[in-house]
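Listed below, chain by chain, are the residues.
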Amino acid sequence: MKKKKISLFDVILYLVFGLVALITIYPFYNVLIVSLANTLASATYSPYLYPHVFDLTGYKTIMNDPYFYRSLGTTLFVTIVGTTLNMVFSVTAAYVLSRKRLIGRKFFLSAILFTMLFSGGLIPTYLVVSGLGLDNSIWSMIFPSMISTYYLIIMKNYFVSLPASLEEAARIDGANEFVVMTRIFIPISKPFMATFLLFYAVERWNEWWNAYLYISDKNIKPLQIYLRDVLVNFNSQLATQAQSMMSTHNKVFVQSIQMATIIITMLPILCVYPFVQKYFVKGVLVGSVKE
C-alpha cells in the first residue's frame, strides 16, 4: 500500500489544531500543578510551569471538611434523581409529540417553542417555586429544570426520523404505545439516549443557580456552591485545618486548596466523558437533521 503524502497544508493544519489543543489543555494542567504546590515552591519557581513538589495538603484539607461530603451528597442526589426524571419526562414527551395522530399536536409544539423565546422572568419563577414550598428544599434544584425544551425538540425530531414500519410491525403484533416506546424505539436509540443522558447529567452536576436562589441552608447546598465559597470566600476553618497539617514555618497556600477543590469537583463527571464520547456525533446529528 502506498503511503499518503503529507502536504504543507496538512502540516499547517496539524500545527494550528495542536496549538488550539495546547491552549485548551493548559488551564487544566495549570490547575493540577498548582493544587500540588505549596507556598515555598510557588514563590521560588516563577512562572510555575511544572511541579517541583508533591504536596497533598490541599486535597487533605478538602477531604477533612464535613461540608464537602454534605455538598457532594447533595450533588450526587440531584445528578442521579434529576437526570433520571429528565430522561423519563423528556423521552416520554418527545415520543408523544412525534406521533402525528396526536390531537392538538401543533398547538402543543407551538406552546413548547414559545417557551424557548419567552419566559416568565426571574421574579415570577421565584414566586412560583416559593409558593410551592420548595424553599430550602433539594427539590428546588430538580423540579424547575425538569425538561430542556431544546433537548425535547431534538428528541422529537429523532423519533420522527425513525422508520414508520417499525411501529407498524409492532402494532400488528398487538403492541400498544407504551410497548412501542419502551421495547422498540428506546432500545434502538442507545447512542442517542446516552448522549442526552450525559448532557443532562453534566447540567445537573454543575447545578448552582437554583441552589443560589432558593437554598440558604448550608447543609444541603450542592458541590458547585461549595466550590464557589472556597474560591470567593476562603473561610478560616479550612485555613486552620490546612495549617494543622503543615509544619509551623510554612504558611497555608490558599491557591493550592482552591485548585484542589476544582480538581475534585470536575474529576467525577470528567471521567464519564471517555465512555460516552463515541456517541456524541451520531447521537446529536441524527436528531437534528430534518428530512
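All figures in this text were calculated on a predicted structure; none of them were measured in a lab.

Draft legend 1. Structural context of the overall build of the protein chain. Helices and strands together make up the secondary structure of the protein chain, namely 15 helices and zero strands. For the protein chain, contacts bridging at least 24 residues in sequence account for 76% of all contacts bridging at least 6. Of the roughly 17,800 Å² of accessible surface on the protein chain, 69% is carried by carbon and sulfur atoms.

Draft legend 2. Region of the structure containing the pattern of salt bridges. Evaluation of the coordinates by the stated rule reveals six salt bridges. Salt-bridge contacts for glutamate 177 lead to arginine 101; the nearest nitrogen and oxygen are separated by 2.4 Å. Pair noted here: glutamate 177 is in helix H9 (residues 177-185) and arginine 101 is in the loop between helix H4 (66-98) and helix H5 (105-117), with a separation of 76 residues, a long-range link. Owing to a relative accessible area of 30%, glutamate 177 belongs among the partly exposed residues under this scheme. The partner of glutamate 177 in a salt bridge is arginine 171, and the shortest N-O contact between them spans 2.5 Å.

Draft legend 3. View of a nonpolar patch on the surface. On the surface, Ile6, Leu8, Phe9, Val11, Ile12, Leu13, Tyr14, Leu15, Val16, Phe17 and Val20 cluster together to form a nonpolar patch covering roughly 1,200 Å² of accessible area. What makes isoleucine 6 exposed here is its relative accessible area of 61%.

Draft legend 4. View of the side chain of threonine 75. Positionally, threonine 75 belongs in helix H4. Residue class for threonine 75 comes out buried when judged on its relative accessible area of 1%.

Draft legend 5. Spatial organisation of the nonpolar core. The biggest cluster of nonpolar side chains holds 28 residues, and the ones touching the most others in it are Tyr59, Ile62, Phe68 and Tyr226. Among the elements of the structure, helix H1 (8-35), helix H3 (57-63), helix H10 (190-205), helix H12 (223-232) and helix H14 (254-276) are those that each provide at least two residues to this core. In terms of residues, this core owes the most to one element, H14, which gives eight residues. Isoleucine 62 has contacts with Phe68, Tyr226, Ile257, Thr261 and Ile264, leaving out every residue within four places of it along the chain.

Draft legend 6. A look at the packing of aromatic side chains. According to the stated counting rule, one finds 22 aromatic pairs in the structure shown. Plain terms: the ring middles of tyrosine 95 and phenylalanine 159 are 6.1 Å apart, the flat faces sit at 85° to each other, and that makes the pair edge-to-face. Of this pair, tyrosine 95 sits in helix H4 while phenylalanine 159 sits in helix H7 (residues 149-161), and the two are 64 residues apart along the sequence. Note on accessibility: tyrosine 95 and phenylalanine 159 belong to one class, buried. Considering the side-chain rings of tyrosine 95 and phenylalanine 185, the 5.6 Å spacing of their centres and the 75° angle between planes classify their relative orientation as edge-to-face. One end of the pair, tyrosine 95, is in helix H4; the other, phenylalanine 185, is in helix H9, and 90 residues separate them in sequence.

Draft legend 7. Main features of the layout of surface pockets. Looking at the largest pocket, its volume works out to about 630 Å³. Lining the largest pocket are 23 residues, with Pro144, Ser145, Met146, Ile147 and Asn210 positioned closest to its centre. At the level of elements, helix H6 (122-131), H10 and helix H11 (209-214) are the ones that each hand at least two residues to the lining of the largest pocket. Considered class by class, the residues forming the lining of the largest pocket number ten nonpolar, ten polar and three charged.

Draft legend 8. Structural context of the environment of leucine 40. As for its position among the elements, leucine 40 is in helix H2 (residues 39-44). Note on leucine 40: relative accessible area 60%, which makes it exposed. As a C-alpha pair, leucine 40 and valine 53 span 13 residues in sequence and 9.5 Å in three-dimensional space.

Draft legend 9. Fine view of unusual backbone geometry. Positive phi outside glycine occurs at asparagine 136, with the angle close to 55°. Position of asparagine 136 relative to the elements: it lies in the loop between H6 and H7. For asparagine 136, a relative accessible area of 36% corresponds to the partly exposed category.

Draft legend 10. Seen up close, H5. Compared with an ideal rise of 1.5 Å per residue, which puts 13 residues at 18 Å, H5 spans 19 Å between its outermost C-alpha atoms and is within 8% of the ideal. If you check which residues of H5 are buried, you get Arg105, Leu109 and Ile112. Buried residues of H5, viewed axially, fall in a sector of 65°; they line one side. Facing away from the buried surface of H5 by more than 90 degrees, the exposed residues are Lys106, Phe107 and Leu117. Turning to H5, the residues buried within the fold contact H4 and H7.

Each value, and the rule that gives it
Residues numbered from 1 in each chain as written. Predicted model: local features only at pLDDT ≥ 70, side-chain atom pairs only at ≥ 80, totals over all residues. Heavy atoms only, no water. Helix = DSSP H or I, 4+ residues; strand = E, 2+ residues; numbered from the N terminus. Contact = heavy atoms within 4.5 Å. Areas by Shrake-Rupley, 256 points an atom, 1.4 Å probe, with all protein chains shown as cover. Salt bridge = Lys/Arg side-chain N within 4 Å of Asp/Glu carboxyl O. Buried < 20%, exposed > 50% of the residue type's maximum accessible area, 1.4 Å probe, protein only. Patch = residues over 30% accessible without salt bridge, like charges linked within 9 Å, V, L, I, M, F, W, Y side chains within 5 Å. Core = buried A, V, L, I, M, F, W, Y, C linked by side-chain atoms within 4.5 Å. Phe/Tyr/Trp six-rings, centres within 6.5 Å; stacked < 30°, edge-to-face > 60°. 1 Å grid on protein atoms, 1.4 Å probe; cavity = no way out; pocket = protein on both sides within 12 Å on 5 of 7 lines; lining within 4 Å. Points joined across faces, edges and corners; volume = space filled by probe spheres on them. Nonpolar A, V, L, I, M, F, W, Y, C, P; charged D, E, K, R; others polar. Expected span 1.5 Å × (residues − 1). Arc of directions from axis to C-beta.

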